[in-house]
Structures are given as structure tokens and as C-alpha cells.
Amino acid sequence: MEIRPLQPSDSLEELTLLHAAYASLAAQGWNFTAVNQSVDVTRERLAGAQGFVAELDGRMVGTVAIRGPKPAGEAYIADPPPPLYTTPGTAILSQLAVHPDCRGQGLGERLMDTAEAWAREQGFERIALDTAEPAEALRRRYERRGYAAVGGVRWQGKTYASVLMTKPLACQASHQT
């Protein structure tokens, strides 16, 4: 399995594998954007972001996006971004998805490692994300990786409140002896 940067030649239709990855969350009544987002919304969510994909035998089976802070006036899909997402030094992680056929192999962790490494290399001080407040398993997963809840947000049209989480990124400064 290879994790690589998303290329302009990659199919956004195929990348919208998010539907399959988020189906179990939809079954629990959580209408995450990725449950049924269109290719146009995928394109919009990737604008200004660095996307990464996981490929297995030429098929996209995982994805994540990472970007710097949003300008205060830029919409986050249909909503104004929460202040955390406009704070200088903050990278925003989104669209983490692993196809159900490939779960349980550590792929989600590898995708997050890749996104966090990219953010660190770009000089970001922290990384932020949001997830459904009632999605306890997801929240625990992020907490195990060092993310802490720092607030909440209620996105338009969602059946749940979201928790905002952040993780400090350690600098990779070299020390001379």
C-alpha cells in the first residue's frame, strides 16, 4: 500500500470514496458532509489543501486533506470557519477516510501521520480537526494521538454538534552540539 500526494490527474470521482467510508456513521444518524458529498464539494474541500491518497493495486482506498488556516471571510463549506480554523499557525485536517475493505490495517493512522508530517514540515504550530460530539470512538482515537477538545461548533444542517480538537506539533529543529 502506497500513500502519496493527490495529483491533478487523479479522479475526484474515485476519491469521493468517502461515501463508503462514512456509511457506518450515516447509519448511526450522523449526516457528516462526507456521507453524500458531491464531487464538486470534494473539489471545494480540497481547494487550498494538500490531499494525500492511499492506493492499493491501483485503487484509491484512503484519503486525507491538510491545509493552513482559512482566511476569516472564507466559508467552510457553507459556514463561516470557527476562530480556531483561522488562527495563524494552525493546520486543518479533514476528509480522513479509509474504505471499509481496508480497515483494521493501520491505514488511518498512516494517513494521519502523513498529514501531520506535512503540517510540521510547513512550519505549523498545531493541527486542528472537528468531529461529531457523539462519535465517542472517533474522539478517543484522536485523543490517543494527542488531540484535545478545545471547543465546539454547530455546522448548518447537521444532526449533531461537533467538537473542535487540536494537537500541538513539535518542532523538528536540529540542535547543534
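Residues numbered from 1 in each chain as written. Predicted model: local features only at pLDDT ≥ 70, side-chain atom pairs only at ≥ 80, totals over all residues. Heavy atoms only, no water.

**What about helix 4 (residues 107-121)?**
Then, in step 1: Taking 1.5 Å per residue, 15 residues should reach 21 Å; helix 4 reaches 21 Å between its end C-alpha atoms and fits that length.
Then, in step 2: Looking only at helix 4, the buried set comprises Leu107, Gly108, Leu111, Met112, Ala115, Glu116, Trp118 and Ala119.
Then, in step 3: Trailing helix 4 by a residue or two, Gly123 shows a phi angle of about 90°, which is positive. (Helix = DSSP H or I, 4+ residues; strand = E, 2+ residues; numbered from the N terminus. Expected span 1.5 Å × (residues − 1). Buried < 20%, exposed > 50% of the residue type's maximum accessible area, 1.4 Å probe, protein only.)

**Focus on the pattern of salt bridges**
Then, in step 1: Going through the model one piece at a time under the given rule, you end up with 10 salt bridges.
Then, in step 2: Here Arg145 makes a salt bridge to Glu109, at a shortest N to O gap of 2.5 Å. Of this pair, Arg145 sits in the loop between helix 5 (136-144) and strand 6 (148-153) while Glu109 sits in helix 4, and the two are 36 residues apart along the sequence.
Then, in step 3: The class of Arg145 is buried, set by a relative accessible area of 14%.
Then, in step 4: Across the pair Asp113 and Arg145 runs a salt bridge whose closest N-O atoms are separated by 2.7 Å. With Asp113 in helix 4 and Arg145 in the loop between helix 5 and strand 6, this pair connects stretches of sequence that are 32 residues apart.
Then, in step 5: Salt bridges sharing common partners tie together Glu109, Asp113, Glu116, Arg141, Arg145 and Lys167. (Salt bridge = Lys/Arg side-chain N within 4 Å of Asp/Glu carboxyl O.)

**Some words on the confidence of the model for the protein chain**
Then, in step 1: When the pLDDT values of the protein chain are averaged, the result is 86; 93% of them are 70 or greater.
Then, in step 2: Across the protein chain, element-level confidence peaks in helix 4 with a mean pLDDT of 96 and bottoms out in helix 2 (residues 18-27) with 75.
Then, in step 3: Scored below 50 in pLDDT, residues 173-177 makes zero contacts in the model with residues more than four places away or belonging to other chains. (pLDDT = per-residue confidence, 0-100. Contact = heavy atoms within 4.5 Å.)

**Some words on the packing of aromatic side chains**
The geometry of two aromatic rings is summed up by the distance between their centres and the angle between their planes.
Then, in step 1: On inspection of all chains with the given rule, the structure shows two aromatic pairs.
Then, in step 2: Consider the rings of Tyr142 and Tyr147, whose centres lie 6.0 Å apart with planes at 65°: the pair is edge-to-face. Neither residue differs from the other here; Tyr142 and Tyr147 are each classed as buried. (Phe/Tyr/Trp six-rings, centres within 6.5 Å; stacked < 30°, edge-to-face > 60°.)

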